[in-house]
Amino acid sequence: MFFTHDEWPGGKKPRHHAVIWRRMFSDIPSRNFGLNYDPSHFVLQHMDPASPLREFQNKLFHFHAKDVEDLPRPHQRSRIFAHPNEWHRPRIPGYGEMDWGRFMSALMETTYRGPVCIEVEDDTFGKSLEGRKRAVRVAGMCAPFFG
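Residues numbered from 1 in each chain as written. Predicted model: local features only at pLDDT ≥ 70, side-chain atom pairs only at ≥ 80, totals over all residues. Heavy atoms only, no water.

Asker: When you look at the nonpolar core in this model, what are you seeing that I'm missing?
Answerer: A general trend in soluble globular proteins is that nonpolar side chains are found buried together. Judged by nonpolar contacts, the single largest core of 22 residues is most densely connected at W21, Y37, L53 and F103. Residue contributions to this core peak at five residues, all from helix 3 (residues 100-108). Setting aside residues up to four positions removed in sequence, Y37 forms contacts with W21, F42, P49, P52, L53, L60, H62, F63, H64 and F103. (Core = buried A, V, L, I, M, F, W, Y, C linked by side-chain atoms within 4.5 Å. Buried < 20%, exposed > 50% of the residue type's maximum accessible area, 1.4 Å probe, protein only. Helix = DSSP H or I, 4+ residues; strand = E, 2+ residues; numbered from the N terminus. Contact = heavy atoms within 4.5 Å.)

Laid out in structure tokens, this is it:
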């Protein structure tokens, strides 16, 4: 869901919530067509990331584990419709706004049994390979369900 300033809002990824998914799966009724689910995208939209899990459990093909931190928004500079990088920061699981225990509990109640892959976009750890490896280790320590 990264957008350049000339693409916001909407960007090149318009498939970002359940209303669109229902239409998408109705129009393309293939068992080989599914979701790469990133719960942080729901947090970014101020939506419950666990709410669509049960309905779309047969369309869950892959999971990204990424958290997001909601940054303060000064009135004069940006609001919710401002470019997302102005008011949020990607974080590793456990360092942001998500309730991972609640989310993983909801995920385990579905039929999904595939991988949950830690997506490292948290620049707290730097952009080097060593920094990214450290982020994965820290995320694993902070959230036992990723270990």
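Structure shown, so let's carry the discussion forward.
Asker: Explanation requested: the pattern of salt bridges in the structure shown.
Answerer: Any two side chains of opposite charge can pair, on the condition that their charged atoms come close. Taken as a whole, this structure holds 13 salt bridges when the rule is applied. Residues D38 and K66 are paired through a salt bridge, measuring 3.5 Å at the closest nitrogen-oxygen approach. One end of the pair, D38, is in the loop between strand 1 (35-37) and helix 2 (40-44); the other, K66, is in the loop between strand 2 (60-65) and strand 3 (67-70), and 28 residues separate them in sequence. We classify D38 as buried; its relative accessible area is 5%. For K66, the salt bridge identified is with E119, shortest N-O distance 3.8 Å. (Salt bridge = Lys/Arg side-chain N within 4 Å of Asp/Glu carboxyl O.)

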